[in-house]
Amino acid sequence: MAFYHYASEDVRLVIVRSVPWRVPNTDRLGRPREVYFTDSLFHSIAAAEAALQIGALHPKGPHATPHFRCEIDLTGCTYTNLGAVAGGTATEYATPDQPQVTAIIGMNP
Amino acid sequence: MNLLPDFEVRCSVDGTPASGLPVLVQIKMREKNDYHHLPGLTDAEGKVSVESAAVEADIEAALNLFPSDYGAVGGANSAFAGVLSVHAMNVSEVEAALRAYDLFHAVSPYPKDHRANLEAGYRQLLALAPRRIDVEILSVRDGTLASKITTGSLAFPAMASAPA
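Residues numbered from 1 in each chain as written. Chains lettered and ligands numbered in written order. Predicted model: local features only at pLDDT ≥ 70, side-chain atom pairs only at ≥ 80, totals over all residues. Heavy atoms only, no water.

Asker: Any chance you could explain helix H3 (residues 114-128) of chain B here in plain terms?
Answerer: Note: α-helices contain 3.6 residues per turn, so residues at a spacing of three or four share the same orientation. All names here are of chain B. Between its first and last C-alpha atoms H3 spans 21 Å; for 15 residues at 1.5 Å apiece the expected length is 21 Å, and the two agree. If you check which residues of H3 are buried, you get His 114, Asn 117, Leu 118, Gly 121, Tyr 122, Leu 125 and Leu 128. Looking down the long axis of H3, one finds its buried residues gathered within 135 degrees of arc, a one-sided arrangement. Opposite the buried face of H3, at more than 90 degrees from it, the exposed residues are Arg 123 and Ala 127. With its phi angle positive at about 65 degrees, Ala 129 sits one or two positions after the end of H3. (Helix = DSSP H or I, 4+ residues; strand = E, 2+ residues; numbered from the N terminus. Expected span 1.5 Å × (residues − 1). Buried < 20%, exposed > 50% of the residue type's maximum accessible area, 1.4 Å probe, protein only. Arc of directions from axis to C-beta.)

Structural data, given as structure tokens:
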């Protein structure tokens with residue numbers, strides 16, 4: 001099964017500076033943070049936002065758009081299936097680890 | 001109307017006000033990750049103010065950086081657990097905060113004096129040697145959403161070596 005983390009442009013810039021590429025699992029203050037991901041592949045930002053309730057459709061109101069789909073490798077990661085996203089359609093997972101990113105694809109609007 | 005309360009924290013060591021210490025505020029969430037806020041360093045009286053506007057700015061910054069990884073604070077779908085906790089940071093936490101600043105500062109906004117405060121706080125922690133730091137909440141001025149505020153106190157572990 002393939003897994004995807006939908007990321008902002010800012011996090012893409014952080015990921016591509018890491019070797020190998022990994023999604024960071026700390027927050028802006030260095031506290032441990034879980035990384036959320038899904039097994040749903042979306043080609044458009046709008047579809048990802050609707051299914052995951054993020055970006056323009058975040059419950060807090062419109063926020064940063066996930067412009068990029070990161071394909072992730074969960075080798076060595078522990079993760080939890082959180083079930084369907086409330087208000088969305090995708091299944092969401094979370095890991096306390098730093099998944100390796102094998103590809104970053106820019107999405108259509 | 002603020003979503004979170006403004007309040008003041010005081011740190012002390014052996015009953016004496018402890019200045020120059022970094023304090024971490026945790027905004028506990030029922031879903032996804034907790035948010036964190038660093039209000040700055042304690043002053044000569046061991047006090048530091050936690051301002052709702054600054055907390056909310058950190059919430060916005062976290063959510064904009066990681067759009068998939070944080071829930072809502074406030075609104076009909078708020079995932080805020082209604083609890084804030086506060087503790088004095090220890091040496092390893094400050095080291096992690098310095099690493100995080102170096103990782104994210106090029107793409108995410110921080111207060112102008114953020115790194116300098118962390119470095120000063122780090123030096124102050126090293127100067128204290130291993131001691132228990134007590135933390136008190138002194139005042140809550142506008143609690144519209146928080147149902148409970150907890151205060152933490154922390155005995156920080158044996159001193160780590162200075163970061164390379």
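After that view of the structure, there is still more to cover.
Asker: Looking at this model, I keep getting lost on the pattern of salt bridges. Mind explaining?
Answerer: Here the idea is simple: oppositely charged side chains can pair when their charged atoms come close. Within this structure, the stated rule accounts for 13 salt bridges over all chains. Arg 28 of chain A is the partner of Asp 58 of chain B in a salt bridge, and the nearest nitrogen-oxygen pair spans 2.9 Å. Here Asp 58 of chain B, found in helix H1 (residues 52-65), pairs with Arg 28 of chain A, found in the loop between helix H1 (9-15) and strand S2 (35-38), and the two come from separate chains. In this structure, Asp 58 of chain B and Arg 28 of chain A share a single accessibility class: buried. A salt bridge links Glu 45 of chain B to Lys 47 of chain B, with the shortest nitrogen-to-oxygen separation between them at 3.5 Å. Residue Glu 45 of chain B is classed as partly exposed on the basis of its relative accessible area, which comes to 47%. The class for Lys 47 of chain B is partly exposed, based on a relative accessible area of 22%. Several salt bridges converge on common partners, so that one network encompasses Asp 102, Arg 115 and Glu 119 of chain B. (Salt bridge = Lys/Arg side-chain N within 4 Å of Asp/Glu carboxyl O.)

Asker: Please clarify how empty space enclosed by the protein should be interpreted in this entry.
Answerer: The method is simple in principle: a probe with the dimensions of a water molecule rolls over the atoms, and the space it marks as empty is what remains. Within this structure, the stated rule accounts for two cavities of 30 Å³ or more. Of the pockets and cavities examined, the largest cavity occupies roughly 90 Å³. Broken down by secondary-structure element, the contributors of at least two residues to the lining of the largest cavity are strand S4 (35-37) and H1 of chain B. A per-element tally of the lining of the largest cavity places H1 of chain B first, with three residues. Residues that form the lining of the largest cavity fall into these classes: five nonpolar, one polar and four charged. Taken as a whole, the second largest cavity spans an internal volume of roughly 40 Å³. Contributing elements (two or more residues each) for the lining of the second largest cavity: strand S1 (3-7) and S2 of chain A. Looking at the lining of the second largest cavity element by element, the count peaks at three residues for S2 of chain A. Grouping the constituent residues of the lining of the second largest cavity by class yields five nonpolar, two polar and one charged. (1 Å grid on protein atoms, 1.4 Å probe; cavity = no way out; pocket = protein on both sides within 12 Å on 5 of 7 lines; lining within 4 Å. Points joined across faces, edges and corners; volume = space filled by probe spheres on them. Nonpolar A, V, L, I, M, F, W, Y, C, P; charged D, E, K, R; others polar.)

Asker: What is the right way to read the pairing of S1 of chain A from this model?
Answerer: The two faces of a sheet get side chains in turn, since along a regular strand they alternate between them. Residues and elements named next belong to chain A. Counting buried residues in S1 gives five out of five residues, a clear majority hidden from the surface. Judged from the five bridges that link them, S1 and strand S3 (residues 68-73) form a sheet pairing that is antiparallel. Among the inter-strand pairings, His 5 is bridged to a residue of S3, identified as Cys 70. (Pairing = 2+ DSSP bridges.)

Asker: Explanation requested: the state of the cysteines in the structure shown.
Answerer: Note on terminology: a disulfide is the covalent bond linking the sulfur atoms of two cysteines. A full pass over the atoms with the stated rule returns zero disulfides over all chains. Between Cys 70 of chain A, a free cysteine, and Cys 77 of chain A, which holds the nearest cysteine sulfur, the sulfur-to-sulfur gap is 14 Å. (Disulfide = S-S within 2.5 Å.)

Asker: Sorry if this is basic, but what is going on with helix H2 (residues 45-52) of chain A here?
Answerer: Among all positions in H2 of chain A, only Ile 45, Ala 48, Glu 49, Ala 51 and Leu 52 of chain A are buried. Contacts from the buried residues of H2 of chain A go to S1, S2 and strand S5 (91-95) of chain A. (Contact = heavy atoms within 4.5 Å.)

Asker: Please explain the interface of chain A and chain B as it appears in this structure.
Answerer: Reports of interface size often rely on the accessible area that becomes lost once the parts have come together. Opposite the 28 residues of chain A that make contact, chain B presents 35 residues. The largest per-residue losses of area from chain A upon contact with chain B belong to Arg 28, Leu 29 and Lys 60 of chain A, which jointly make up 31% of the total buried on that side. In this assembly, chain A and chain B are joined by five salt bridges. A salt bridge links Arg 31 of chain A to Glu 93 of chain B, with the shortest nitrogen-to-oxygen separation between them at 2.7 Å. Counting across the chain A and chain B interface gives 17 residue pairs in polar contact (both at pLDDT 80 or more). A total of four residues in the side of chain A that touches chain B trace back to one element, the largest contributor, which is H1 of chain A. Class assignment for the residues of the side of chain A that touches chain B results in 13 nonpolar, six polar and nine charged. (Buried area = accessible area lost by both parts, 1.4 Å probe. Polar contact = N/O pair within 3.5 Å; in protein donor to acceptor, adjacent residues only side chain to side chain.)

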